[in-house]
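In case you want the letters, here they are:
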Amino acid sequence: MAEKTEKYDHKSIESRWQAEWEGNGAFRTAEGRGDKYYVLEMFPYPSGKIHMGHVRNYSIGDVLARFLMMKGKNVLHPMGWDSFGLPAENAAIQHGIPPAKWTHENIANMRTQLKRMGLSYDWTREVATCTPEYYRWNQWLFLRLFEKGLAYKKRSSVNWCPECATVLANEQVEDGECWRCGSTVEMKELDQWFFRITAYADELLEHTNKLPGWPERVLTMQRNWIGKSIGAEVDFKLEGSIDAIKIFTTRPDTLFGVTFMSLAATHPLIEKITTPERKSEVASFVAKAKAEAKNARLSPDEIVKEGVFTGAYCVNPLTGDKVPVYAANFVLMEYGTGAVMAVPAHDQRDFEFAKKYGLPIKVVINPQGKELDPSTMEAAYVEPGVMVNSGAFNDLPSTGAAEAIIDALEEQKKGKRSITYRLRDWGISRQRYWGCPIPVIYCDICGTVPVPDAQLPVILPENVNLTGKGLSPLAGAEDFVNVKCPNCGSQARRETDTMDTFVDSSWYFLRYTSPKNETLPFGKDEAGYWMPVDQYIGGIEHAVMHLLYARFFTKALRDLGLHEFDEPFKNLLTQGMVCKEITKCPEHGYLYPEEATGGKCHICGKAVSIGPVEKMSKSKKNVIDPDRIIREYGADTTRLFSLFAAPPEKDLDWNEEGVEGSYRFLGRVWRLVIENLDLLSEAKAWETGALDGGARELNAATHRTIKKVTQDIEERFHFNTAISSIMELVNASYQLMPTLNGKGSDTAEARVFKKAVESIVLLIAPFAPHISEELWSRLGSSEPVYKMRWPLWNEDALKLEEVEIPVQVNGKVRGRVTVAAGADEAAVKEAVLSDDKIKEFVAGKEIKKFVYVTDKIVNMVVA
RNA sequence: GCGAGAGUGGCGGAACUGGCAGACGCGCCAGACUUAGGAUCUGGUGGGCAACCAUGGGGGUUCAACUCCCCCCUCUCGCACCA
């Protein structure tokens, strides 16, 4: 071993194996049946470059996929592009690049980057949502939903920027202003297409209880978003009118405590019922409340509850009491019926409102064994209790009374049981160019006509003038708009809105199961085999929108007979953000690290502050370019660090020293093999048999590590601890190295060493696949690692002959004894009491208690 | 305000059903090999001179608590007048 050891050259190793995998179609999915596993990472928007969030996301997925392949599963691990969306349009407006060109270049770029990461995707299944091959099925599915009444058109209000003359998505409205030009956003009524997601509200809610593989907080967020409330609708007749105010309440038990009525400022009845003498006051209040509603930045308790009397009265259907009708700023038109029965004694908002305007407070529920006094109450009593002042319902527990009161209302036809959801139907119309055309034609004679299936896809035209101004860019594309009615043949117009891009991503996981299918969006058999996705991995930011839409689509498509399962994603892993400390100059703000060499700002020379750790973002100048890291340290190091630095669900704190540590570790593994290559290629790996000393220890460590890595990956996704245990085995292998010197390759030491090294190379394969392949082939295998079986551990090898037991006296470790593994208490007690160190602590005292946990610990209580 | 999650060395983080707190890595300190080391290998590294003290704080259960129970504090995320 005189000559210098060959260096770990990540560049040539990684490019060689990537070419190898690509050349022989290494990760092409097997079509055959078998024990399947579908690993899916959320597909990216092709912005042009991958970022660290992608690196982390795909590294997690790739560990799983490669691990499961080695475990013998039939793995589906696809990748694609969520490639419609506004950035492409902005690039066109700002730089004159056609969106299609921009997008496809970005895809090509990012695909190269992903390949450089060595990810085990089956690229033959790649999909891009902006291609007609994909979006024709978007259109096809739209038509099926339309036929079932699950897609419909209605007028609704949208965010409208008067300066840009265009509609904005909610996320493009910042503090009530246009993100692009800063002018105040208005609400505008427009015809919009909707998907009737509310038809599935109950099932979407119910099935959150059938997703044990999802994080609880995601399920909670979805439940809150759906927002089911069970209660009753009650009609309050208006005095001197045939009209009634319909309210929704979850507290029918408080119906006898109603002392006034609150309507949303935009409630249609307000104008009708306001008495002439109150008109001007009400009008100015409504105007003020509307203005306030736009500026929704304030938290609810910062907004003062205000209202105005309309002059009208309505009648409590059960008591016949006459109560005044108010318009109030805290009542939402979008929820329930836009009208609320006010019970100040038992609702905090109503309480505050009543106090402010001197309205009566009537107690109808008392806490058990207590009596509330309205004149001294300081807050509403919202808990259950005993009914009072409620006629026939007095003395009932309030929880039961609610049911009884609804029964009475239903009997008298004054109300009924009712369920309200917070969830609204999904508005999918977008007045944008770079999206999937909605396949509908408007004919003056036939009305709204769906495009016949045979005419799909409705191709998105490429020669469109994009200015960023005006409604729907497609409206100006004459060739596109003007069309013959498929029904009657007369001149007609195409729908010029495109679909929300969330439609595209609501079923892409199904398309992957048969991406080339030309007769259906996906084959029923293939979907039946591969679905559901066994493990879905992505960011928490999609907790509600994407994941709810995808669940809805899955259910709707099931009811269309396209497949037969209820839920798309069996297990969900939401990975944490990638963060880094920020560097800030007191005068020049955020700086890139290289702008602050030596802790000084490069402009003014002032001392900069480092920290705190925040999510990587361009504006904070704390981004790290994955390309650079991969170039300097290699894909294996980059992957390894992003998995080692933190468990996947937690935020990851990026630091370059840590990356170097991972690089050093791979170098250590490299040398472990290369420096001992002669011995390793001659020796046969140890299997079973009696061992002692260092060989026995290393063999036990090997099997312990196999067990730990296997369990950490498959049971807990604790990749960080899996990696750390491999590091321990590497350290242990180095410890045995000196004893190998000069010994033959057929000694037990050499053979155990070989077993340890082989195991290390196989165990790091899912994390650092390139170096693993390289070392595996150097060890003499003609078969690649990805075709190897994952190593198994032998429980017998884990068993120890002797164990060292810590001995506690009164809860403090005072010594240790070594006993035979599995020794009984009597034997251990004898060993403990004959130990000199322990004797000191026990001398002259009485042993009150002796606790022995087999092979673990001794604790004695002495006094 | 409501809901969820989290507080452990200088730092990232371990500790699975209660059983030696701080695995592994970073950083730091020493030694070896070297012309040299920012390469590599080896050893050390929670605090305190010690007894002891230490897992956000305070109580409790237990032979034994980062882990279980009660109260409080802080931070992050989500929802936010939902009737």
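Please read all numbers here as calculations on a predicted model, not as lab measurements.

### Observations regarding a positive patch on the surface
Taken together, the side chains of Lys 154, Arg 196, Arg 422 and Arg 424 define a basic patch exposed on the protein surface. Here Arg 196 is to be found in the loop between β9 (186–195) and α6 (201–206). Looking at Arg 196, the relative accessible area reads 31%, which means it is partly exposed.

### Overview of the side chain of Thr 554
Structurally, the position occupied by Thr 554 is in helix α16 (residues 545–559). Residue Thr 554 is classed as buried on the basis of its relative accessible area, which comes to 0%. Separated by 2.8 Å, the side chain of Thr 554 and the backbone oxygen of Ala 550 make a polar contact. With sequence-adjacent residues up to four places away left out, Thr 554 is seen in contact with Phe 509, His 563, Phe 565, Asp 566, Glu 567 and Pro 568.

### Considerations on the sheet that holds strand β34 (residues 847–853)
Read across the open sheet, the four strands follow the order β33-β32-β35-β34; overall the sheet is mixed. Both outer strands of the open sheet, β33 (812–820) and β34, are each paired with one neighbouring strand and no more. The average undirected angle you get between the axes of adjacent strands in this sheet is 20 degrees. Examined bridge by bridge, strand β32 (residues 802–809) and strand β35 (residues 857–862) share three bridges and lie parallel to one another. Paired with Val 809 across the strands is Met 860, a residue of β35. Across the sheet, helix α26 (residues 825–833) lies against β32, β33, β34 and β35, angled at about 120 degrees from β34, the strand it touches most.

### Some thoughts on the environment of Arg 814
If you trace the backbone, Arg 814 turns up in strand β33. For Arg 814 and Lys 837, which are 23 residues apart along the polypeptide, the C-alpha to C-alpha distance reads 7.2 Å. Not counting residues within four places of it along the chain, the set of residues in contact with Arg 814 comprises Val 807, Gln 808, Val 809, Lys 837, Ile 838 and Phe 841.

### So, the pairing of strand β5 (residues 151–161)
Here β5 runs beside β9; their pairing, made up of 10 bridges, is antiparallel. Looking at the pairing, Ser 156 lines up with Leu 190 of β9. As paired elements, β5 and strand β6 (residues 166–168) share three bridges and run antiparallel to each other. Bridge assignment links Trp 160 to a residue of β6, and that residue is Val 167.

### Re unusual backbone geometry
Here the residue pair Leu 456 and Pro 457 is connected by a cis peptide bond, since its omega of -5 degrees sits within 30 degrees of zero. Tracing the chain through its elements places Pro 457 in the loop between β22 (447–450) and α12 (478–481). Note the cis peptide between Met 531 and Pro 532, where omega equals 0 degrees. Along the chain, Pro 532 falls in the loop between α15 (524–530) and β26 (535–539). Of note, Asp 395 is a non-glycine position whose phi angle comes to about 75 degrees, a positive value. Here Asp 395 is to be found in the loop between β17 (386–387) and α11 (398–411). The phi dihedral of Asn 810 is positive, around 50 degrees, even though this residue is not glycine.

### Thoughts on helix α21 (residues 693–716)
End to end, α21 covers 33 Å across 24 residues, agreeing with the expected 34 Å (1.5 Å per residue, within 8%). Phe 717 sits one or two positions beyond α21 and adopts a positive phi of about 55 degrees.

### Side note on the confidence of the model for chain A
On average, residues of chain A score 90 in pLDDT, and 97% of them reach the 70 mark or higher. Quick note on the complex model: pTM equals 0.92, ipTM equals 0.94.

### What about the sheet that holds β6?
Strand order in the open sheet made by the four strands is β6-β5-β9-β19, with antiparallel pairing throughout. Every other strand in the sheet has two partners, leaving β6 and β19 (426–427) as the edge strands with one partner each. Here β9 pairs with β19 via two bridges, running antiparallel. The residue bridging Phe 195 from the neighbouring strand is Trp 426, located in β19. Seen against the sheet, helix α5 (residues 132–147) touches β5 and β9 and runs at an angle of roughly 90 degrees to β9.

### Focus on the pairing of strand β11 (residues 244–249)
Examined bridge by bridge, strand β10 (residues 229–238) and β11 share six bridges and lie antiparallel to one another. Residue pairing across strands places Asp 235 opposite Lys 246, the latter belonging to β11. Here β10 hands over to β11 after five residues, with Gly 240 in that stretch at a positive phi of 65 degrees.

### Concerning the protein's contact with RNA strand B
Close contacts around RNA strand B come from 49 residues, with Thr 250, Leu 332, Arg 349, Met 727 and Arg 816 the closest. In the interface set of RNA strand B, defined as its atoms within 4 Å of the protein, sugar plus phosphate atoms amount to 64%. Residue Arg 671 places a side-chain N or O atom 3.2 Å away from a sugar or linking oxygen belonging to RNA strand B. Sorting elements by how many residues they give to the surface near RNA strand B places helix α22 (residues 719–740) first, with eight residues.

### Overview of the nonpolar core
Among the nonpolar cores identified, the biggest contains 114 residues, and Phe 142, Phe 195, Phe 509, Phe 553 and Trp 654 are the most heavily contacted of them. In contact with Phe 509, other than residues within four places in its own chain, are Tyr 38, Leu 40, Met 531, Val 533, Ala 550, Thr 554, Pro 568 and Phe 569.

### So, the packing of helix α18 (residues 635–644) against α22
Contact pair α18 / α22: the axes reach a minimum separation of 7 Å and the direction vectors enclose 115 degrees. On α22, the residues touching Leu 640, Leu 643 and Phe 644 of α18 are Phe 719, Asn 720, Ile 723, Ser 724 and Met 727.

### Here we look at the pattern of salt bridges
Evaluated as defined, the whole model comprises 52 salt bridges. Residues Glu 567 and Arg 551 are paired through a salt bridge, measuring 2.8 Å at the closest nitrogen-oxygen approach. Placement of Glu 567 in the loop between α16 and β27 (572–575) and of Arg 551 in helix α16 is noted, with a sequence separation of 16 residues between them. Here Glu 567 matches Arg 551 in class, with each residue buried. Overlapping salt bridges, with partners in common, bring together Glu 203, Arg 551, Lys 555, Arg 558, Asp 559, Asp 566 and Glu 567 in one network.

### Section: the packing of helix α3 (residues 86–95) against helix α4 (residues 99–116)
The geometry of α3 relative to α4 is characterised by a closest axis approach of 8 Å and an angle of 120 degrees between their N-to-C directions. When the axis of α3 is compared with that of α4, the two are oblique. Classified by chirality, the crossing of α4 by α3 is right-handed. Only Pro 99, Trp 102 and Thr 103 of α4 make contact with α3, whose side of the interface consists of Pro 87, Ala 88, Glu 89, Ala 91 and Ala 92. Classifying every residue of the contact of α3 with α4 by side-chain character gives six nonpolar, one polar and one charged.

### Examining the state of the cysteines
Under the definition given, this model contains zero disulfides. Free cysteine: Cys 130, not disulfide-bonded; nearest cysteine sulfur from Cys 436 at 11 Å. Cys 485 takes part in no disulfide bond, and the closest cysteine sulfur to it belongs to Cys 443, at a distance of 3.7 Å. On the accessibility criterion, Cys 485 (3% relative accessible area) is buried.

### Section: the packing of aromatic side chains
On inspection of all chains with the given rule, the structure shows 43 aromatic pairs. Pairing Phe 142 with Trp 193 gives two aromatic rings, centres 5.3 Å apart and planes at 75 degrees, and the pair type is edge-to-face. Of this pair, Phe 142 sits in helix α5 while Trp 193 sits in strand β9, and the two are 51 residues apart along the sequence. With a relative accessible area of 1%, Phe 142 lands in the buried category. Pairwise contacts between aromatic rings join Phe 142, Phe 146, Trp 193, Phe 195, Tyr 200, Trp 426, Phe 502, Tyr 549, Phe 552 and Phe 553 into one cluster. It is Arg 144 that lies over the ring of Trp 140; its NZ or CZ is 4.7 Å from the centre. Lying across the ring of Trp 225, Arg 422 places its NZ or CZ 4.7 Å from the centre.

What counts, and at which threshold
Residues numbered from 1 in each chain as written. Chains lettered and ligands numbered in written order. Predicted model: local features only at pLDDT ≥ 70, side-chain atom pairs only at ≥ 80, totals over all residues. Heavy atoms only, no water. Patch = residues over 30% accessible without salt bridge, like charges linked within 9 Å, V, L, I, M, F, W, Y side chains within 5 Å. Areas by Shrake-Rupley, 256 points an atom, 1.4 Å probe, with all protein chains shown as cover. Salt bridge = Lys/Arg side-chain N within 4 Å of Asp/Glu carboxyl O. Lys, Arg positive; Asp, Glu negative; His and termini not counted. Charge placed at Lys NZ, Arg CZ, Asp CG, Glu CD. Helix = DSSP H or I, 4+ residues; strand = E, 2+ residues; numbered from the N terminus. Buried < 20%, exposed > 50% of the residue type's maximum accessible area, 1.4 Å probe, protein only. Polar contact = N/O pair within 3.5 Å; in protein donor to acceptor, adjacent residues only side chain to side chain. Contact = heavy atoms within 4.5 Å. Pairing = 2+ DSSP bridges. Axes fitted to C-alpha atoms, helices over the stretch in contact; angles between N-to-C directions. Expected span 1.5 Å × (residues − 1). pLDDT = per-residue confidence, 0-100. Near = heavy atom within 4 Å. Core = buried A, V, L, I, M, F, W, Y, C linked by side-chain atoms within 4.5 Å. Parallel < 35°, antiparallel > 145°, perpendicular 65-115°, else oblique. Left-handed = near helix turned anticlockwise from the far one by under 90°. Nonpolar A, V, L, I, M, F, W, Y, C, P; charged D, E, K, R; others polar. Disulfide = S-S within 2.5 Å. Phe/Tyr/Trp six-rings, centres within 6.5 Å; stacked < 30°, edge-to-face > 60°. Lys NZ or Arg CZ within 6 Å of the ring centre and 35° of its normal.

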